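This is what each chain is made of:
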Amino acid sequence: LFDGVYPFYPQQRKAAVFDISIIIVTVVFLTLACSFLLIVPGIRGRARLYWTLRVLLSLAAGVVIVAVQFTGDWERGWVRANTSYKSFSAAEVSADIGLHIGLAGLNVTLRGVPPRQLNETIDYNEHFAWGGDADYERSYGAGLRKGLPTPILYVAEKFRARSPCGVQQQYRSAGRYASIALWVAFCTWLLSNMLFSTPALVYGGYTLLLTGAFLILSLLSFSTVSTSLFCPIHFGPLALHTAYGGSFWLTLAVGLLCLLAGVTVVLLHHFNLDLLKTFFDLREDLAEECQEMTQVYINPRSERGL
């Protein structure tokens, strides 16, 4: 306490799930989708429906592959408990305590129930990063100097490198390899879109299978953390338990979709090539080429000579 007042909280809070990077990625892909929708009326016949379905599904897969790199809900958990609010104080508050773990860090959320307690609004969202050049210990030290609420510091302390739990290195390694697999999946996604713009449709199907495989590989990489014992986080008789969050299941859905689409393209290539070319709007081009090839031009001079 400073003259009976809690320390001022000057730092801008970070959202638990969405941040500026996700907004940028979403805006970029939405711009591409809107640009395509503007030219859709110029496509004639059934090809308009096929083009719309292909492009929108492809953009949806692309935005998920990139956006989940920056989300913070690969693993999450909540608990409602009565807990001490500040250090060196016996005052307790009733609050929801949330833990959101991403590929490059974690968020700890503290929300009062009701929000207004102890003459202030209890609504905190603190981010502690460990990916890239981020220094987790520095972030934790800054939280101590600011006088963050005790529940936030208690949860964050469990993930320190020097903590007996030893889970930070596991999450750091799992997140790093999952991120690498996701970027490789994004590259194969780009390559598949290029190949689908050429007559080599089957190779686009193969690269789409690779995209799905790397997405599943990223999930397997992150799920290796669950094989180890999670450090217990107790608030009195209650414990905070985590489970896979929305980003994990969304990545799984897109990975299965890519695998299904890739298998469908490969099977159609071998068993019904005409249907595959119709879906990718290649039958008309092929028919025009065949029509041009079947036309016969006769030289009148050669005919008179014969």
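Residues numbered from 1 in each chain as written. Predicted model: local features only at pLDDT ≥ 70, side-chain atom pairs only at ≥ 80, totals over all residues. Heavy atoms only, no water.

Colleague: What exactly am I supposed to notice about the overall build of the protein here?
Modeller: Helix and strand counts for the protein stand at 10 helices and seven strands. Relative to its 306 residues, the protein shows a buried fraction of 42%. Accessible surface, the protein: about 17,500 Å² in total, of which carbon and sulfur atoms supply 64%. (Helix = DSSP H or I, 4+ residues; strand = E, 2+ residues; numbered from the N terminus. Buried < 20%, exposed > 50% of the residue type's maximum accessible area, 1.4 Å probe, protein only. Areas by Shrake-Rupley, 256 points an atom, 1.4 Å probe, with all protein chains shown as cover.)

Colleague: How should a nonpolar patch on the surface be read in this particular structure?
Modeller: Where nonpolar side chains cluster on the molecular surface, the patch consists of Ile20, Ile23, Ile24, Val27, Val28 and Leu32 and spans about 550 Å² of accessible area. Note on placement: isoleucine 23 falls in helix α1 (residues 20–39). (Patch = residues over 30% accessible without salt bridge, like charges linked within 9 Å, V, L, I, M, F, W, Y side chains within 5 Å. Salt bridge = Lys/Arg side-chain N within 4 Å of Asp/Glu carboxyl O.)

Colleague: Please clarify how the pattern of salt bridges should be interpreted in this entry.
Modeller: For side chains of opposite charge, pairing can occur when their charged atoms come near one another. Here the structure, examined in full by the defined rule, presents three salt bridges. One salt bridge in this structure joins arginine 80 and aspartate 96, with 2.7 Å as the shortest N-O distance. Of this pair, arginine 80 sits in strand β1 (residues 75–84) while aspartate 96 sits in strand β2 (residues 92–101), and the two are 16 residues apart along the sequence. For arginine 80, a relative accessible area of 51% puts it in the exposed group. Classification of aspartate 96 as buried rests on a relative accessible area of 18%. A salt bridge links arginine 160 to glutamate 137, with the nearest nitrogen and oxygen atoms 2.8 Å apart. Of the two residues, arginine 160 is situated in the loop between α4 (150–157) and α5 (168–195) and glutamate 137 in helix α3 (residues 136–146); the sequence distance between them amounts to 23 residues. Take arginine 160: its relative accessible area is 15%, and that puts it in the buried class.

Colleague: I tried to follow α3 on my own but got confused; where do I start?
Modeller: Quick reminder: α-helices carry 3.6 residues per turn. Residues three or four places apart thus point the same way. For α3, the full list of buried residues reads Tyr136, Tyr140, Gly141, Gly143 and Lys146. Close packing links the buried residues of α3 with β3 (105–117), β4 (120–129), α4 and α5. Glycine 147 occupies a position one or two residues after α3 and carries a positive phi of about 75 degrees. (Contact = heavy atoms within 4.5 Å.)

Colleague: Would you take a moment to explain unusual backbone geometry for this structure?
Modeller: Of all residues except glycine, most have a negative phi; of all peptide bonds, most are trans. A cis amide bond, omega 5 degrees, links valine 113 with the succeeding residue proline 114. Structurally, proline 114 can be placed in strand β3. Look at leucine 118: it is not a glycine, yet its phi comes out positive at around 55 degrees. With respect to the helices and strands, the residue leucine 118 is situated in the loop between β3 and β4. The backbone of asparagine 119 sits at a positive phi, close to 65 degrees, despite the residue not being glycine. Within the secondary structure, asparagine 119 sits in the loop between β3 and β4. Overall, the relative accessible area of 73% leaves asparagine 119 in the exposed class.

Colleague: Can you help me understand the pairing of β3 in this one?
Modeller: Consecutive residues of a regular strand have side chains that alternate between opposite faces of the sheet. Here β2 pairs with β3 via seven bridges, running antiparallel. When the bridges of β3 are listed, isoleucine 101 appears paired with leucine 106. Between β2 and the antiparallel strand that follows it, β3, lie three residues. Here β3 runs beside β4; their pairing, made up of nine bridges, is antiparallel. For glutamine 117, the partnering residue across the bridge sits in β4 and is glutamate 120. (Pairing = 2+ DSSP bridges.)

Colleague: I would appreciate a short explanation of the environment of glycine 141 in the present structure.
Modeller: With respect to the secondary-structure elements, glycine 141 resides in helix α3. Distance in space between the C-alpha atoms of glycine 141 and leucine 153 is 9.7 Å, their sequence separation being 12 residues.

Colleague: Help me understand the UniProt feature "transmembrane region" (unreviewed entry) in the protein in this model?
Modeller: The positions that UniProt labels "transmembrane region" (unreviewed entry) are, in the present scheme, residues 20–39, 51–70, 177–196, 208–235 and 247–268. Strand forms 0% of residues 20–39 and helix 100%; the C-alpha atoms that close the span are 29 Å apart. Taken end to end, residues 51–70 has its terminal C-alpha atoms 30 Å apart, with 85% of it in helix and 0% in strand. (UniProt positions renumbered as here; feature names shortened; annotations may be inferred.)

Colleague: Honestly, the packing of α1 against helix α2 (residues 47–67) in this entry has me stumped. Any pointers?
Modeller: Each pair of packed helices can be summarised by the angle the axes make with each other and by the distance between the axes. α2 packs onto α1 with a crossing angle of 170 degrees between their chain directions and a minimal axis gap of 10 Å. Between α1 and α2, the angle is such that the two are roughly antiparallel. For the pair α1 and α2, the contacting residues are Ile22, Val25, Thr26, Phe29, Leu32, Ala33 and Phe36 in the first and Trp51, Thr52, Val55, Leu56, Leu59, Gly62, Val63, Val66 and Ala67 in the second. Across the contact of α1 with α2, the residue classes tally to 13 nonpolar, three polar and no charged. (Axes fitted to C-alpha atoms, helices over the stretch in contact; angles between N-to-C directions. Parallel < 35°, antiparallel > 145°, perpendicular 65-115°, else oblique. Nonpolar A, V, L, I, M, F, W, Y, C, P; charged D, E, K, R; others polar.)

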